[in-house]
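# Notes for the structure review
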Amino acid sequence: MLTVKDFQQMKEKQEKISMVTAYDYPSAKQVEAAAADTILVGDSLGMTVLGYTSTTQVTLNDMSHHAKAVKRGAPNSFIIVDMPFMSYHASIEQSIQNAVTLFQESDVQAVKIEGASEETVELIRRLTDGGIPVVGHLGLTPQTFNVLGGYRVQGNDEVTSNQILEDARKLEEAGAVMIVFECIPKELGAIVSKALTIPTIGIGAGVNCDGQVLVYHDLLQYGVDRLPKFVKHYTDFNTIGVEAIKHYVADVKDESFPAEEHTYTIKNKDFLPKLKK
Ligand code: KIV
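## Quick word on a nonpolar patch on the surface
Together, Ile245, Tyr248, Val249, Val252 and Phe257 give the surface a local cluster of nonpolar side chains, amounting to about 450 Å² of exposed area. Within the secondary structure, phenylalanine 257 is located in the segment after helix 11 (237-253). Here phenylalanine 257 falls in the partly exposed class, since its relative accessible area comes to 33%.

Shown next, in the form of structure tokens:
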């Protein structure tokens, strides 16, 4: 299994880091089999697998439940789990307790936290000090989309681009082991990647980040209808899946399924029950 040290060295050697989300046993098995460097159990699971309209409905229990399944599917991967909406904002004690519970229950390698408020920075410091690696998340932070006024590119003016750089430095200084940058101009992605010593992972942040992350369901086009600009689709599971199921339905109707090779037979037909006439 890779460690935070390996990711650090990858940055130093300019070897790109690949991260993919996974939310359950089969997706985790696939991502590990594809040799992605790290897996994120993102709270995007609220939309991708639970059908919610945003991540704000996702609970600590949801995250723990899915992270445990991912761990079973990818036991050799460095797994990061998202702290969900408002699970790290009530008080520092409650936030630490929630992070410890999630980390211990799911047996993962790191937690991810959005934002850079004073409280968040303090939480990163305390968790790191206690032995829980923390991944930051800046730029578009989906848990606060209601406050941000929607899902839009962040850091495209002087004030906000400087704020993102300043926030990133605060997270690094507090001990964050890497930072995800979502939906920022590629030029800013390049600047933060140069300014920080820890790896930067981009999603809609340009090619100059130290690594990239994509959502499993987005890259496979699986159950998603509308994809953001920053997604490259590598296949079309929606079509492949529906076509396969249509084929099965037709086979059932015309009795071409099950065929002999899918069927059991009894050796001695005398053992079969006799129906009364
Ligand atoms: O929840 C998630 O999948 C994420 C990625 C978009 C980085 O946070």
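The discussion continues.
## Structural notes on the packing of helix 2 (residues 25-33) against helix 4 (residues 60-73)
Look at helix 2 against helix 4: their axes get within 7 Å of each other, and the N-to-C directions meet at 45°. If you check the angle between helix 2 and helix 4, you find them oblique. Relative to helix 4, the crossing made by helix 2 is right-handed. Here helix 2 contributes Tyr25, Ala28, Lys29 and Glu32 to the contact with helix 4, which in turn contributes Ala69, Val70, Arg72 and Gly73. Its residues placed into classes, the contact of helix 2 with helix 4 shows four nonpolar, one polar and three charged.

## Points about unusual backbone geometry
Cis geometry marks the peptide bond from phenylalanine 257 to proline 258, where omega comes out at -5°. Relative to the assigned elements, proline 258 resides in the segment after helix 11. Of note, the phi angle at methionine 86 is positive, near 60°, even though the residue is not glycine. The backbone of aspartate 107 sits at a positive phi, close to 55°, despite the residue not being glycine. Mapped onto the elements of the fold, aspartate 107 is located in the loop between helix 5 (92-106) and strand 4 (110-114).

## Considering the pattern of salt bridges
Taken as a whole and judged by the stated rule, the model has six salt bridges. The closest approach of N and O atoms between arginine 125 and glutamate 122, which form a salt bridge, is 3.8 Å. Residue arginine 125 and its partner glutamate 122 are located together in helix 6 (residues 118-130), separated by three residues, close to a single helical turn. Of the residues examined, arginine 125 reaches a relative accessible area of 33% and is grouped as partly exposed. For glutamate 122, a relative accessible area of 33% corresponds to the partly exposed category. Here lysine 170 and aspartate 167 are joined by a salt bridge, their closest N and O atoms 3.6 Å apart.

Parameters at a glance
Residues numbered from 1 in each chain as written. Predicted model: local features only at pLDDT ≥ 70, side-chain atom pairs only at ≥ 80, totals over all residues. Heavy atoms only, no water. Patch = residues over 30% accessible without salt bridge, like charges linked within 9 Å, V, L, I, M, F, W, Y side chains within 5 Å. Areas by Shrake-Rupley, 256 points an atom, 1.4 Å probe, with all protein chains shown as cover. Salt bridge = Lys/Arg side-chain N within 4 Å of Asp/Glu carboxyl O. Helix = DSSP H or I, 4+ residues; strand = E, 2+ residues; numbered from the N terminus. Buried < 20%, exposed > 50% of the residue type's maximum accessible area, 1.4 Å probe, protein only. Axes fitted to C-alpha atoms, helices over the stretch in contact; angles between N-to-C directions. Parallel < 35°, antiparallel > 145°, perpendicular 65-115°, else oblique. Left-handed = near helix turned anticlockwise from the far one by under 90°. Contact = heavy atoms within 4.5 Å. Nonpolar A, V, L, I, M, F, W, Y, C, P; charged D, E, K, R; others polar.

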